[in-house]
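So you can see what is in the structure, the chains are spelled out below.
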Amino acid sequence: MIIYILLLHLIADFIFQNRWMAENKSKNIFALSLHVLVYGVVFVVLLMPFFNFSDILIFVCVNIGLHWATDFTTSRITSYFWNKKQIYNFFLTIGVGQYIHQACLISTLHFLGA
């Protein structure tokens, strides 16, 4: 199940995040919130065949809150590093953000009864 959840994260966080969301979430709360809403919808749809809807809803609501807070912070940090041309720190921050997302997802799997 962990592998599937991490695959869903990849799909929801990268494939379904368009360029406008990615470029604007550091300075536009609507762009960030839309990204996180789409992220949550992808999870709901792709978890439906396997879990009870109420369990999915709890899992997704917790994780979209955690995802929003993580991206709110890391997108501002990455924007700073990008503008300062500190490319190593830019990518390091992206990596740390992804680690936080993955840790949150794995830590909340119990909400799915998994």
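Residues numbered from 1 in each chain as written. Predicted model: local features only at pLDDT ≥ 70, side-chain atom pairs only at ≥ 80, totals over all residues. Heavy atoms only, no water.

Within the protein chain, the secondary structure is distributed over five helices and zero strands. In sequence order, the secondary structure elements of the protein chain are arranged as α-α-α-α-α. Taking 13 Å as the expected radius of gyration for a compact globule of 114 residues, we find that the protein chain reaches 14 Å, a close match to that expectation. For the protein chain, the spread of C-alpha atoms along the three principal axes comes to 45 × 25 × 20 Å. Counting only residues that meet the buried cut, the protein chain has 38% of its 114 residues in that class. Within the protein chain, residue pairs in contact and separated by at least 24 positions form 70% of the contacts whose partners lie at least 6 positions apart. For the protein chain, the exposed surface amounts to about 6,600 Å²; the carbon and sulfur share of it is 72%. In the protein chain, 6 positive and 4 negative side-chain charges are present, and the distance between their average locations comes to 17 Å. (Helix = DSSP H or I, 4+ residues; strand = E, 2+ residues; numbered from the N terminus. Rg over C-alpha atoms; globule rule 2.2 N^0.38 Å. Buried < 20%, exposed > 50% of the residue type's maximum accessible area, 1.4 Å probe, protein only. Contact = heavy atoms within 4.5 Å. Areas by Shrake-Rupley, 256 points an atom, 1.4 Å probe, with all protein chains shown as cover. Lys, Arg positive; Asp, Glu negative; His and termini not counted. Charge placed at Lys NZ, Arg CZ, Asp CG, Glu CD.)

Applying the stated rule across the entire model yields two salt bridges. Here Glu23 ties to Arg19 by a salt bridge, and the two come within 2.5 Å at their closest N and O atoms. Of the two residues, Glu23 and Arg19 are both situated in helix H2 (residues 19–24); the distance of four residues between them amounts to about one turn of the helix. When the shortest N-O distance is used, the salt bridge between Lys25 and Asp71 registers 3.1 Å. Here the residue Lys25 occupies a position in the loop between H2 and helix H3 (29–47), and Asp71 occupies one in helix H4 (residues 53–83), the gap between them amounting to 46 residues. Assessed through its relative accessible area of 12%, Lys25 is described here as buried. (Salt bridge = Lys/Arg side-chain N within 4 Å of Asp/Glu carboxyl O.)

Together, Leu7, Leu10, Phe14, Ile15 and Phe16 make up an exposed nonpolar region whose accessible area comes to about 490 Å². Its place among the elements puts Phe16 in the loop between helix H1 (2–15) and H2. (Patch = residues over 30% accessible without salt bridge, like charges linked within 9 Å, V, L, I, M, F, W, Y side chains within 5 Å.)

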